[in-house]
Amino acid sequence: IFIKICISISVYNKELFILRLLRSIQNQSLKEIEIIFCDDHSTDNSTILLEQFQKEEERIVLLNMIIM
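Residues numbered from 1 in each chain as written. Predicted model: local features only at pLDDT ≥ 70, side-chain atom pairs only at ≥ 80, totals over all residues. Heavy atoms only, no water.

### As for the sheet that holds strand β1 (residues 5–11)
- The parallel open sheet is built from three strands, whose spatial order is β1-β2-β3. Of all the strands in the sheet, the pair left with one neighbour each is β1 and β3 (60–64). Recorded for the sheet is a direction-independent mean angle of 20° between the axes of neighbouring strands.
- In terms of strand pairing, strand β2 (residues 33–39) meets β3 through five bridges, oriented parallel. Of the residues in β3, the one forming a bridge with Asp39 is Asn64.
- Those strands touched by helix α1 (residues 15–26) are β1, β2 and β3, and its axis lies near 165° from that of β2.
- Its contacts with the sheet place helix α2 (residues 46–56) against β1, β2 and β3, and it is angled at close to 145° to β3. (Pairing = 2+ DSSP bridges. Helix = DSSP H or I, 4+ residues; strand = E, 2+ residues; numbered from the N terminus. Axes fitted to C-alpha atoms, helices over the stretch in contact; angles between N-to-C directions. Contact = heavy atoms within 4.5 Å.)

### Re the pattern of salt bridges
- Scanning the model with the defined rule gives one salt bridge in all.
- Residues Glu57 and Arg59 are paired through a salt bridge, measuring 2.7 Å at the closest nitrogen-oxygen approach. Each of the two residues, Glu57 as well as Arg59, counts as buried. (Salt bridge = Lys/Arg side-chain N within 4 Å of Asp/Glu carboxyl O. Buried < 20%, exposed > 50% of the residue type's maximum accessible area, 1.4 Å probe, protein only.)

Structure below.
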């Protein structure tokens, strides 16, 4: 698939909002899209939700940010 659009979304403790966002992405009709989630070591379940969704959705990329 040729990627036409790439979206980057920063995530930190957004568990309450992320399910709605993930469902919206899943319902997106545009298939030539890549969504990169940059997780900054969330302490809630945001990372777990993203990891689970990434397994189901090939348009999702999850980056776990490392702070030095």
